[in-house]
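Descriptive structure summary
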Amino acid sequence: MAPSAQSLPTSVSDEKYANVKWEELGFGFCRTDNMYVAKCKHGESFQEGKIVPYADIQISPCSAVLNYGQGLYEGLKAYRTEDGRIVLFRPDQNALRLQSGANRLCMPYPTVDQFVSAVKQVVLANKKWIPPPGRGTLYIRPILFGSGPILGSLPVPDYTFTVFACPVGRYHKDNAGLNLKIEDKFRRAFPSGTGGVKSITNYSPVWITLAEAKAKGFSDVLFLYAATGKNVEELFASNVFIVKGNVVSTPEISGTILPGVTRKSVIELTRDFGYKVEERVVPVEDFLDAEEVFCSGTAAIVTTIASVTFKEKKTEFKTGDKTLAGKLFATLTDIQMGRVEDKKGWIVELTDAPKPGLKL
């Protein structure tokens, strides 16, 4: 049943919404109306794509993405603010990260302007699927992959850049904080590998350990540095921070850790709050000795970690509204939802459908 106008904030009560029970919205797939598709041949550059009805993609069984895993994805969100605007959060940073990953995987890529334009077009083409303020966000998934057939060596003849979106609620709904397991058997990424880019090959290989952890009641898994097994790196899909006194530490970007857009924003805000921020190697011992621990990501936003279990020993950390994580979550979401002035220049407001070829 669609939400009634009376149940929504007055500032958006005249908006037309999709038939969604917003109060029950979780973080999962929900089919929307439209998506963006652009094609590129080997040796050429991506040109302006187009909005098409959401549908399955026809692809060769011998495509590079299916046979060799040549693919990247990004994740970002569109927000409906309390004063009725629709905004994005730092989409240029996702575009730059996609370009870095494309270079690593030998793929052509859209320009930053093309990327941001595609994202804007998808958001506006699915406007009714953007949740009311405070009820969720529109999660946007750009994907770049080798769609042409290849058997053996390069080049791949064709590439596809597509963007779809779906409404989502909170990724982690446990307000009491996450209960993590430090994984000491499986590794997420390896030195000189692809852990530092958002390759599609980074995720399913560690589903097995995530599934096992969740079956035992854990919220997520924290992975260790593959070469030594002595330093913490990141969770399945988010970066991690530790707090000790006035010092906040996070594992340094060294090729095995994804440079998160939220991570970058959290570091800047934390320094604004007067903390010293260190990007460094974080041994397991330092992690377990922390006063407070939290994670960050597009899906996770900023989420408190209440406890971690390592080799059957459980360690608990500070939680509650007065934590640094709580302050960061409030500050970040206030900026994203337009409740405070964006003094950082992070917010991109959508006003009308971007025209093909227009630089944004």
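Coordinates for the structure precede this section.
Criteria and cut-off values
Residues numbered from 1 in each chain as written. Predicted model: local features only at pLDDT ≥ 70, side-chain atom pairs only at ≥ 80, totals over all residues. Heavy atoms only, no water. Buried < 20%, exposed > 50% of the residue type's maximum accessible area, 1.4 Å probe, protein only. Helix = DSSP H or I, 4+ residues; strand = E, 2+ residues; numbered from the N terminus. Arc of directions from axis to C-beta. Contact = heavy atoms within 4.5 Å. Pairing = 2+ DSSP bridges. Expected span 1.5 Å × (residues − 1). Phe/Tyr/Trp six-rings, centres within 6.5 Å; stacked < 30°, edge-to-face > 60°. Lys NZ or Arg CZ within 6 Å of the ring centre and 35° of its normal. Salt bridge = Lys/Arg side-chain N within 4 Å of Asp/Glu carboxyl O.

What follows is about helix 4 (residues 207-215). Buried within helix 4 are the following residues: T209, L210 and A213. End-on, the buried residues of helix 4 take up no more than an arc of 100 degrees, which puts them together on one face. Across from the buried face of helix 4, at angles greater than 90 degrees, the exposed residues are W207 and A215. On its buried face, helix 4 sits against strand 8 (178-183) and strand 9 (220-224). Looking one or two residues beyond helix 4, the residue adopting positive phi is G217, at roughly 95 degrees.

P155 follows L154 through a cis peptide bond whose omega is 10 degrees. With respect to the helices and strands, P155 occurs in the loop between strand 6 (137-146) and strand 7 (158-168). Positive phi outside glycine occurs at S192, with the angle close to 70 degrees. Structurally, the position occupied by S192 is in the loop between strand 8 and helix 4. The backbone of E312 shows a phi angle near 75 degrees, a positive value even though the residue is not glycine. Note on placement: E312 falls in the loop between strand 15 (301-310) and strand 16 (313-316). Using a relative accessible area of 77% as the deciding quantity, one classes E312 as exposed.

Our focus in this paragraph is the environment of D113. With respect to the element layout, D113 can be found in helix 3 (residues 112-125). Under the relative-accessibility criterion, D113 is labelled partly exposed at 25%. In this structure, the C-alpha to C-alpha distance between D113 and K173, residues 60 residues apart in sequence, is 34 Å.

Turning our eyes to something else, we now look at the pairing of strand 14 (residues 292-297). Counting buried residues along strand 14, six of its six residues qualify, which places the element largely inside the surrounding structure. Taking every second residue as pointing to the same face, both faces of strand 14 are buried, with E292, F294 and S296 on one and V293, C295 and G297 on the other. Pairing between strand 11 (residues 239-244) and strand 14: five bridges, direction antiparallel. Residue pairing across strands places I242 opposite V293, the latter belonging to strand 14. Relative to strand 15, strand 14 is paired through five bridges, and the arrangement is antiparallel.

A few words now on helix 5 (residues 261-272). Along its 12 residues, helix 5 runs 17 Å from first to last C-alpha, staying within 8% of the 16 Å computed at 1.5 Å per residue. Among the residues of helix 5, V261, T262, R263, S265, V266, I267, L269 and T270 are the ones counted as buried. Phi turns positive, to about 100 degrees, at G274, one or two residues after helix 5.

The next thing to look at is the packing of aromatic side chains. Applying the stated criterion across every chain, the model contains 13 aromatic pairs. Pairing Y73 with Y203 gives two aromatic rings, centres 5.4 Å apart and planes at 45 degrees, and the pair type is tilted. In this pair, Y73 sits in strand 3 (residues 71-73) while Y203 sits in the loop between strand 8 and helix 4, placing the two residues 130 residues apart along the sequence. Y203 shares its class with Y73; the two are buried. Here the aromatic rings of F89 and W346 are separated by 5.6 Å at their centres, their planes lie at 85 degrees, and the arrangement is edge-to-face. One end of the pair, F89, is in strand 5 (residues 86-89); the other, W346, is in the loop between helix 7 (324-336) and strand 17 (347-350), and 257 residues separate them in sequence. Neither F89 nor W346 differs from the other in exposure class; each is buried. One aromatic cluster is present, built from ring pairs that chain together Y36, F46, F115 and F161. The positively charged end of K327 is found above the aromatic ring belonging to F273, 4.2 Å away from the centroid.

Attention shifts here to the pattern of salt bridges. In the structure shown here, the tally under the stated rule is 17 salt bridges. One salt bridge connects R97 with E74, and the closest N-O pair in it is separated by 2.7 Å. Here the residue R97 occupies a position in helix 2 (residues 91-104), and E74 occupies one in the loop between strand 3 and strand 4 (76-80), the gap between them amounting to 23 residues. For the pair R97 and E74, one class covers both residues: buried. Ionic pairing is found between R85 and D83, a salt bridge with its closest N-O pair at 3.1 Å. Among the residues examined, R85 registers a relative accessible area of 25% and is labelled partly exposed. The exposure class of D83 is partly exposed, given its relative accessible area of 49%. Salt bridges linked by common partners bring K276, E278, R280 and D286 together as one network.

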